[in-house]
Amino acid sequence: MNFEELLAFAGRHQLLSIALVGLTVAIIANEVAQLFRGYRVLRPAGLTALINRDNALVVDLRPIADFEKGHIPGSKNVQMSQFDPESKQLAPAKALPVVLVCKTGQTAGTAAKRLKKAGFEHVHVLDGGIGGWQQADLPLAKGRAKG
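Heads up: these notes are all about the structure in this document. (Residues numbered from 1 in each chain as written. Predicted model: local features only at pLDDT ≥ 70, side-chain atom pairs only at ≥ 80, totals over all residues. Heavy atoms only, no water.)

Regarding helix α3 (residues 44-54)
Among the residues making up α3, those that are buried are Pro-44, Leu-47 and Leu-50. One face of α3 carries all of its buried residues, which in axial projection span an arc of 115 degrees. Opposite the buried face of α3, by more than 90 degrees, sit the exposed residues Ala-45, Asn-52 and Arg-53. Summarising the contacts, the buried residues of α3 are in contact with β1 (40-42), β2 (57-60), β4 (97-101), β5 (122-126) and α6 (129-135). One or two positions beyond α3, positive phi appears at Asn-55, with a value near 55 degrees. (Buried < 20%, exposed > 50% of the residue type's maximum accessible area, 1.4 Å probe, protein only. Helix = DSSP H or I, 4+ residues; strand = E, 2+ residues; numbered from the N terminus. Arc of directions from axis to C-beta. Contact = heavy atoms within 4.5 Å.)

Focus on the layout of surface pockets
Computed from the structure, the largest pocket encloses a volume of approximately 240 Å³. Residue classes in the lining of the largest pocket are distributed as four nonpolar, six polar and two charged. (1 Å grid on protein atoms, 1.4 Å probe; cavity = no way out; pocket = protein on both sides within 12 Å on 5 of 7 lines; lining within 4 Å. Points joined across faces, edges and corners; volume = space filled by probe spheres on them. Nonpolar A, V, L, I, M, F, W, Y, C, P; charged D, E, K, R; others polar.)

A word on the nonpolar core
One finds Val-59, Leu-61, Phe-83, Leu-100 and Leu-115 to be the most contacted residues of the largest nonpolar core, which totals 18 residues. At the level of secondary structure, the elements contributing two or more residues to this core comprise β2, β4, α5 (106-117) and β5. With four residues, the top contributor of residues to this core is α5. Those residues in contact with Leu-61 that lie beyond four places of it in its chain are Val-78, Gln-79, Met-80, Phe-83, Leu-100, Val-101, Cys-102, Thr-107, Ala-108 and Ala-111. Formed by 11 residues, the second largest nonpolar core is a distinct cluster that contains Leu-47, Leu-50, Val-58 and Val-101. (Core = buried A, V, L, I, M, F, W, Y, C linked by side-chain atoms within 4.5 Å.)

Re the pairing of β2
Going residue by residue along β2, you find Leu-57 and Val-59 tucked away on one face and Val-58 and Asp-60 tucked away on the opposite face as well. Pairing of β2 with β4 involves four bridges; the strand directions are parallel. The residue bridging Val-59 from the neighbouring strand is Leu-100, located in β4. Pairing geometry for β2 and strand β3 (residues 76-77), over two bridges, is parallel. Bridge assignment links Asp-60 to a residue of β3, and that residue is Asn-77. Handedness of the β-α-β unit built from β2, helix α4 (residues 64-69) and β3 comes out right-handed. (Pairing = 2+ DSSP bridges. Right-handed = clockwise from strand over helix to strand, strands pointing away.)

Some words on the sheet that holds β3
The parallel open sheet is built from five strands, whose spatial order is β1-β5-β4-β2-β3. Strands with a single pairing partner mark the edges of an open sheet, and in this sheet they are β1 and β3. Across three bridges, β1 lies against β5 in parallel orientation. Looking across to β5, one finds that Val-41 is bridged to Val-125.

So, the side chain of Arg-62
Along the chain, Arg-62 turns up in the loop between β2 and α4. Ignoring sequence-local partners within four residues, the contact set of Arg-62 consists of Phe-67, Gly-70, His-71, Asn-77, Gln-79, Val-101, Cys-102, Lys-103 and Ile-130.

Written as structure tokens, this is what we have:
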């Protein structure tokens, strides 16, 4: 297939061609945005390694009732409405890896941007949130977190 045949196809199938170009641009824009967002998305296995290797602080942003039903062992619960990068729970962890967890991974992205803006160096979001953790068959602790 040469370039002339490609142009002829595009001329005959304008809607398909426009859709292909639009999707290609959207995919490229999404990939570029991920490079510049300032935080990394971790899969559950990566989070486990980060906790074990680097003593990462895991911050669960879900409501307290959801947190008490089941959370990642060792995680701290901070309500999104009270989330403050300068709080006494978070400020000392500026140089440590901080992993944000919510129900699906969406809310954590917003909090991650706030941490990066506040000068936190190693910010991560758990891919899929607590649901992703459960799908990976990893353990949950129940009740209130200690400390």
